[in-house]
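# Reading the structure
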Amino acid sequence: MKERKQWFLKLFTLIELLIVIAIIAILASLLLPALNAARDKGKTAACTNLMKQAGLAMTQYADSYNDYMISGTYVFEKTQPWAQWYGQMWPFLTGRQIPNSLAQVTHSPLDCPSSAPTEKYHYNNIAESWIVTSYGWNGLLCPSMGGHNGKKIIGCRYPSQSSVMWDAKLSLLITTWKNHCMPSMFNSTDVQTKLDSRHKPYRVNHLFVDGYVELLDTRSLTWGTTLFIRYLAPYNTYSRYWK
């Protein structure tokens, strides 16, 4: 009788253990989505903060160069990273010139934490080099694309609606255009293919001329006047939006 009682107690303890494990598993399944959502929100907030810092750097650059916007270039391509838009912005973000390919940069001020590894541009397009950026700068601000000598901030008629930087699918640009990381948006197809919806659900961060940063849902972006102003304002053909 005594042995039977001991066996029952052991069995009861095992059942209790299994119940506890089951409860923990249920709680974990309930909490993990919430934890993942909180992590994603944290990354989105960090991305927004990085863009705001870039907006301040953009304004400081304009203050130093007679109100001209950061433009970037297609001309130097791979050999002159300092001539690209991120090279022009770098001193105003960090207080020093953009490092060379051998530098040990642990974190770039232009690298969105929500971006996939394939959407990150490495210095001089060398995979073993450090990550420079995961953002795209409006390619129409480049003189060779817009057919102008540069744009001044004061000339922008819609500074709160004209975007200069956004979450971009750099993998589409790096292969074709080496390292300029400057997407140009000319139609609805470009909107769907060049914007990187890295923030859930289907959202893309945008930096505007006035320094404001906004998350936009790509599902609601339909081509029209609003998108003309947002992406095509610097282009010479649409000088009514930007002198």
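Provided above is the structure to which this section pertains.
Small disclaimer: the values here were computed from a predicted structure and weren't measured. (Residues numbered from 1 in each chain as written. Predicted model: local features only at pLDDT ≥ 70, side-chain atom pairs only at ≥ 80, totals over all residues. Heavy atoms only, no water.)

### Digging into the sheet that holds strand 5 (residues 203-208)
Spatially, four strands are ordered 3-4-5-6 in an open sheet, and the strand pairing comes out antiparallel. The outermost strands of the open sheet, each flanked by one partner alone, are strand 3 (135-137) and strand 6 (213-217). The sheet shows a mean angle of 30 degrees between the axes of neighbouring strands, taken without regard to direction. Inspection of the sheet shows strand 4 (residues 163-167) paired to strand 5 by three bridges, in the antiparallel sense. Residue pairing in the sheet places Ser163 in a bridge with Phe208 of strand 5. (Pairing = 2+ DSSP bridges. Helix = DSSP H or I, 4+ residues; strand = E, 2+ residues; numbered from the N terminus. Axes fitted to C-alpha atoms, helices over the stretch in contact; angles between N-to-C directions.)

### Topic: the packing of aromatic side chains
Evaluation of the coordinates by the stated rule reveals ten aromatic pairs. Geometrically, the ring pair formed by Tyr61 and Phe92 is edge-to-face, given 5.7 Å between the ring centres and 75 degrees between the ring planes. In this pair, Tyr61 is assigned in helix 1 (residues 2-64) and Phe92 in helix 2 (residues 85-94), connecting sequence segments 31 residues apart. Note on Tyr61: relative accessible area 12%, which makes it buried. Residue Phe92 is classed as partly exposed on the basis of its relative accessible area of 25%. Both rings, one in Trp166 and one in Tyr231, keep their centres 5.1 Å apart while their planes meet at 85 degrees; by these two values the pair is edge-to-face. A residue pair is termed long-range when its members are at least 10 positions apart, and Trp166 in strand 4 and Tyr231 in helix 6 (residues 225-232) qualify at 65 residues. Accessibility expressed as a relative area gives 0% for Tyr231, which makes it buried. Members of the aromatic cluster, connected to one another through ring pairs, are Trp85, Tyr86, Tyr121 and Trp137. (Phe/Tyr/Trp six-rings, centres within 6.5 Å; stacked < 30°, edge-to-face > 60°. Buried < 20%, exposed > 50% of the residue type's maximum accessible area, 1.4 Å probe, protein only.)

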